[in-house]
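Now for the letters of each chain:
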Amino acid sequence: MAVSTTASGGAGRANSPTRAVVLLTGPAYVWLTIAVLLPLLAMFYFSFLTEAPIAGRVGELTLEQYREFLEHGFYTTLILRSLKLGATVAFFCFLLGFPCAYVLAKTIKGRWREALFLLVIIPFWSNALVRVFSWTMVLRGNGLLERSIDFVIPGAGSLGLMFTYPAVVIGLVHSYLPYMILTCYISLQAIDDDLIEAARSLGAKRLTILRRLILPLAMPGIVAGAVLIFVPVIGSFMEPRILGGRHGTFIGTIIEDQFTAVFNWPLGAALSFILLACVLVIFALFAPVLKRAA
Amino acid sequence: MAAAGRIYLGLVLVFLYAPILVMAAMSFNDSQLYALPVKWSLRWYADLAGNQRLIDAGINSIVIAMITTVIAGTLGTAAALAFFRYEFRGKRLLQILLFPPIAIPWLITGTAMLLFFFWTGIGRGLHAMVLGHVALALPYVIIVVAARLKAFDPDLEAAARSLGASPWQVVRYVTLPFLAPGVVAAALFAFAVSFDQFVISYFLAVPGVSTLPVEIYTSIRKGFTPEINAISTIVIVSSMALLIGVTRFYRFGGDR
C-alpha cells in the first residue's frame, strides 16, 4: 500500500491515513459493490442478451430487447402512463403538503410543533406495504368510505373507487405526502420571519407575499420533494397491484411480470434499464436545485 | 387564520392515520365480512397463533433485521468515522456512491440483485436478503452517524492523544462514547429499514422462505382476510414504535 502524501493526516496520528481510510471504508464499499453496483452492471449486460445465461443456457449479444421496446408502442405508452402517475402524485402531494408544512413551520411553535412534526413523519418511515393495504379497508365496495357517504347522503350509490386509477393515486399520495411536507418544511423554516413581516408592513397582500416571497424561497424544497416522490412512484408496482387491480398496469408491474411471471429476464432488464435512464435524466436535470435543497 | 391552519393540519393527520386505524379496528372485528358496528373479538389474533407460515415469516423478518442491524451498524459507523476524520482523494465519489441504494427505485435494485445473485450462484433466500438489506441500510446508517459526528469536537481526540492515549484508546474512550446515541439511532433505523423492506425481499424470496411483508403481499393478492389485518396491525405498530425509538436519538429533518 502506498504511503499517503495527503497533508491532512495531521500530527500525532500513528497510522497512515490511507491505511485507516481503506480499513474503515473498505468493508462498507465492498458490500455496496457486491450487492448494488455489480448487480446494476449485470442488469445492463443482461439487457443485451437473447436469453438469460443461467441453467446452462447461453445468451448471445443482441439489441433485440431494446428493439422490442421501440417497436411496440405498448411499452412507451406504459412509460408515459407511469410518468403521468409520478407527476400526478407529486402534484397532489404538493397541493396537500405545502400548506401543512407552512402551518408547521410558521404558525405552530415549541413542543407542539415537535410532536406534530413527528406525527407527520413517522408513517413515512413505517411499513409502506401495510399502509397501502390499509386503504383497501377504506376504499373497497361497501367499505368505510362508501358507508360514510351513504350515511350522509342515503342512496348515494357506490363510488366504485377500489381498483381504479384514482385509488392508486390516493394510495401513493398517502405513502409519499410526508416526504413533501418534510422537504417543504425545511426550506420554509429557513425563511426569516422578519422578511415576511417587512413585506407585510410595506403593504403587500397575503397572496402577493405567498407568490413573490414565500413560494420562490421555498422552491428548492418543493422541487426536491417533487423529485424524491416522482422517482419512486414511476418505479412502483406493489401499490398499483393492490389498489389498481386491472387498471393498475404500469411500467413497474410489467417489469415485475418479466421477473416473476413471464421469466423474460433480458426484456425485464432492458425495461428496468430504460426506467433507470429516465430516473438518471431527472436527477441530472434537477441536480442544481437538489444540491441547494440539501 | 391560525385556527384554520390548525384544522387543516388536523385533517391531514386524519388522512395519514385514518386508514391505519380502520384496518386496526377491523382486525378486532369478529365479523369476517367487516360488518358494522364492530363486534370486538380477538379471534383473528388467535388464528395468527396457529398460522405457521406467518410465524416462520415473522421469525425470518426479525432475524434478518437483527443481522442487518449489526452488520450495517458496524460497517456504516466505520465508514462515517473515516469520512469525518480524514480528507482523501475519492471521498466525494464514495459519498456519491451512497445514493444509488436510496435514490434508485427499489424495483430496479431488487430485480438487478435477483438476476446477479442467480447468475453468480449466490442464489436467493435469507442470505441473499441480508446481502440486499445491509446494502440498503448502509447509507442511512452513515448519514445518521455522520450527523452526530458533526457535533463532535476533534480537539477532544487531540487532548486525549496529548495525554498519552493510543489511537485505539482514543476511539474506545473518547469517540465511541460520544457517538453512542448516533449509533443507537442508526441501528434502530437499520432495523426498521430491514423489517419494513418489501420490494427487495420479494424478489429474493424463495417459496417457503420469505419475510412478513412478502407473506402479507402474497396473502393480499390471494384475497383479503381479517387475519391479514391482524398481522398488518402488529407489523405497523412495531414499526412505528421502533421509529419513535429512533427519534429519541436522532432528529429527522434537522433543527426544529
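Each chain carries its own residue numbering, running from 1 in the direction its sequence is written. Here chains are named by letter from A upward and ligands by number from 1 upward, in the order in which they appear as written. Reporting in this predicted model follows two pLDDT cut-offs: at least 70 for local features of residues, and 80 or more for side-chain atom pairs to be given and counted; totals over whole chains, interfaces and linings ignore these cut-offs and use all residues. For the side-chain quantities, the full set of heavy atoms in the structure was used; hydrogens and water were omitted.

Asker: Mind laying out the overall build of chain B, listing which residues take part and the relevant values?
Answerer: By definition, any uninterrupted DSSP run of H or I lasting at least four residues is a helix, any uninterrupted run of E lasting at least two residues is a strand, and each is numbered from the N terminus. A count of helical and extended segments in chain B gives 12 helices and 0 strands. For chain B, the α and β elements follow one another from N to C terminus as α-α-α-α-α-α-α-α-α-α-α-α. Its C-alpha atoms give chain B principal-axis dimensions of roughly 70 × 60 × 30 Å. To sort residues, take the accessible area from a 1.4 Å probe on protein chains only and compare it with the maximum for the residue type: under 20% means buried, over 50% means exposed, and anything in between is partly exposed. Buried positions account for 53% of the 256 residues belonging to chain B. Contacts are assigned to residue pairs with any non-hydrogen atoms lying within 4.5 Å of each other. Pairs at least 24 residues apart make up 72% of the contacts formed inside chain B by residues separated by at least 6 positions. Residue-level accessible areas treat just the shown protein chains as cover; the underlying method is Shrake-Rupley with a 1.4 Å probe. Accessible surface computed for chain B: about 11,100 Å², of which carbon and sulfur atoms make up 69%. When charges are counted, neither His nor the chain ends are considered; positive counts come from Lys and Arg and negative counts from Asp and Glu. Lys charges are placed at NZ, Arg charges at CZ, Asp charges at CG and Glu charges at CD. When the 18 positive and 11 negative side-chain charges of chain B are each reduced to one mean point, those points stand 5 Å apart.

Asker: Now, about the domain arrangement of chain B: what can you tell me, with residues and values included?
Answerer: Residue and element names in this part refer to chain B. Here chain B is partitioned into domain 1 (1-41) and domain 2 (51-249). Each domain's extent was defined by an automatic or database domain assignment. Computed from C-alpha atoms alone, the centre-to-centre distance between domain 1 and domain 2 is 31 Å. Each side of the interface is counted separately: domain 1 has 8 residues, and domain 2 has 9 residues. On the domain 1 side of the contact with domain 2, Met23, Ser27 and Tyr34 bury the most area, a combined 58% of that side's loss. What counts as buried area is the accessible surface, traced by a 1.4 Å probe, that two parts surrender upon association, with contributions from both included.

Asker: Give a description of the interface of chain A and chain B that names residues and reports values.
Answerer: Across the boundary between the two partners, chain A contributes 91 residues, which contact 88 residues of chain B. Buried surface at the junction of chain A and chain B, summed over both partners, amounts to about 8,100 Å²; 80% is from carbon and sulfur atoms. Of all residues in chain A, the largest losses of buried area upon contact with chain B belong to Tyr29(A), Trp31(A) and Trp125(A), amounting jointly to 9% of the total for that side. When a carboxyl oxygen of Asp or Glu lies within 4 Å of a side-chain nitrogen of Lys or Arg, that pair is called a salt bridge. On the surface where chain A and chain B come into contact, there are 0 salt bridges.

Asker: Mind laying out the pattern of salt bridges, listing which residues take part and the relevant values?
Answerer: Residue and element names in this part refer to chain A. All chains considered together, the criterion is met by 8 salt bridges over all chains. As a salt-bridge pair, arginine 200 and glutamate 197 come within 3.5 Å of each other at their nearest N and O atoms. One end of the pair, arginine 200, and the other, glutamate 197, are both in helix H8 (residues 193-201), 3 residues apart, so they sit about a helical turn from each other.

Asker: Break down the side chain of Thr88(A) for me, with residues and values.
Answerer: All names here are of chain A. By secondary structure assignment, the location of threonine 88 is in helix H3 (residues 73-107). Residue classification places threonine 88 among the buried residues on the basis of a relative accessible area of 19%. Setting aside chain neighbours within four positions, we find threonine 88 in contact with Tyr165 and Val169.

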